[in-house]
Amino acid sequence: MDDRVARFYLLDGFGCHAALSGQPRVAAQLLGAADTVRTEAGANAMPFLASQVTEARESAATALGAARFAAEFEAGRHLDWDAALALALGKPAQAPLAASGQAGAGLLGKREAEVARLVADGLTNKEIGARLFISERTVDSHVRSILNKLGFNSRAQIAAWIASPDN
């Protein structure tokens, strides 16, 4: 059996266990890591496990909210095997960005940090603008600046970065 297929099954199983143990953030990341390994291996879920994985995803998404789940799932997709295994065993996984040395406490300005936190909460640019009393266009400018500074290309990555323990 391809080792990647076994890893995919293990990560899915660990993700299900985390969801059942009341750890939705860990579950989302492990399920994201499993999804990456599944794609790389060209594997399919075992039929008897597919329903449990679906239930674990739904449980984690309900607990975290859709935007936060998507961010955590995306962060999990970027974990290597060692980091995913450490996470499954209860050791905190480092965010990929922090591991590469690109993240930093003073990387974003005060307003950008506020916008990033609201992006992580799943708000739209219009909602962020209303909350901060700035125009939607200004919010868009801040979001583009955040993406550029952090080297990201999606709002989900911003949310994952905000959610990481290093930030």
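Provided above is the structure to which this section pertains.
Residues numbered from 1 in each chain as written. Predicted model: local features only at pLDDT ≥ 70, side-chain atom pairs only at ≥ 80, totals over all residues. Heavy atoms only, no water.

Enquirer: What is the right way to look at the environment of Ala28 in this model?
Expert: Mapped onto the elements of the fold, Ala28 is located in helix H2 (residues 24-41). Expressed as a C-alpha distance, the spacing of Ala28 and Ala70, which sit 42 residues apart in the sequence, is 7.9 Å. When sequence neighbours within four positions are dropped, the list of residues in contact with Ala28 reads Leu64, Phe69, Glu72 and Phe73. (Helix = DSSP H or I, 4+ residues; strand = E, 2+ residues; numbered from the N terminus. Contact = heavy atoms within 4.5 Å.)

Enquirer: How should I be thinking about the pattern of salt bridges in this particular structure?
Expert: Pairs may arise between side chains of opposite charge once their charged atoms sit close together. Scanning the entire structure with this criterion turns up nine salt bridges. Put simply, Glu72 and Arg68 hold a salt bridge, and the shortest N to O gap is 3.3 Å. Pair noted here: Glu72 and Arg68 are both in helix H4 (residues 66-77), with a separation of four residues, about one helical turn. Here Glu114 makes a salt bridge to Arg111, at a shortest N to O gap of 3.2 Å. Taken together, the residues Glu114 and Arg111, both in helix H7 (residues 110-120) and three residues apart, mark about one turn of the helix. The partly exposed category is assigned to Glu114, whose relative accessible area is 23%. Taking relative accessible area as the criterion, Arg111 reaches 31% and is therefore assigned partly exposed. Through salt bridges with shared partners, one network takes in Asp35, Arg38, Arg57 and Arg77. (Salt bridge = Lys/Arg side-chain N within 4 Å of Asp/Glu carboxyl O. Buried < 20%, exposed > 50% of the residue type's maximum accessible area, 1.4 Å probe, protein only.)

Enquirer: Looking at this model, I keep getting lost on the side chain of Gln29. Mind explaining?
Expert: Looking at where Gln29 falls in the secondary structure, it is placed in helix H2. Accessibility expressed as a relative area gives 6% for Gln29, which makes it buried.

Enquirer: Is there a simple way to think about the environment of Ile146 in this case?
Expert: Relative to the assigned elements, Ile146 resides in helix H9 (residues 136-150). Ile146 sits 37 residues away from Gly109 along the chain, and the two C-alpha atoms are 9.2 Å apart. Once residues lying within four places of it in the same chain are set aside, the contact partners of Ile146 are Leu108, Glu112, Val115, Ala116 and Ile158.

Enquirer: It is not clear to me how the packing of helix H1 (residues 3-20) against helix H3 (residues 47-64) should be interpreted in this structure. Could you clarify?
Expert: For any two helices packed against each other, one specifies the inter-axial angle together with the distance between the axes. It is the contact of H1 with H3, at a shortest axis distance of 9 Å, that shows an interaxial angle of 45 degrees. Here H3 runs oblique to H1, going by the angle between their axes. The way H1 lies across H3 gives a crossing that is left-handed. Packed against H1, whose contacting residues are Tyr9, Asp12, Gly15, Cys16 and Ala19, the element H3 presents Leu49, Gln52, Val53, Ala56 and Ser59 at the interface. (Axes fitted to C-alpha atoms, helices over the stretch in contact; angles between N-to-C directions. Parallel < 35°, antiparallel > 145°, perpendicular 65-115°, else oblique. Left-handed = near helix turned anticlockwise from the far one by under 90°.)

Enquirer: Got a minute to help me understand the nonpolar core in this structure?
Expert: Nonpolar side chains in soluble globular proteins tend to be buried together. In terms of nonpolar packing, the biggest core is built from 27 residues, with Phe8, Leu11 and Leu30 touching the most fellow members. Elements with a contribution of two residues or more to this core: H1, H2, H3, H4 and helix H5 (81-88). For this core, the element with the most residues is H2, which contributes nine residues. Contacts of Leu11, omitting those with residues within four sequence positions, involve Leu30, Ala33, Ala34, Val37, Trp81 and Ala84. Leu123, Val139, Val143 and Leu147 belong to the second largest nonpolar core, which has 17 residues in total. (Core = buried A, V, L, I, M, F, W, Y, C linked by side-chain atoms within 4.5 Å.)

Remember that the coordinates give geometry; whether it matters functionally is a separate question.
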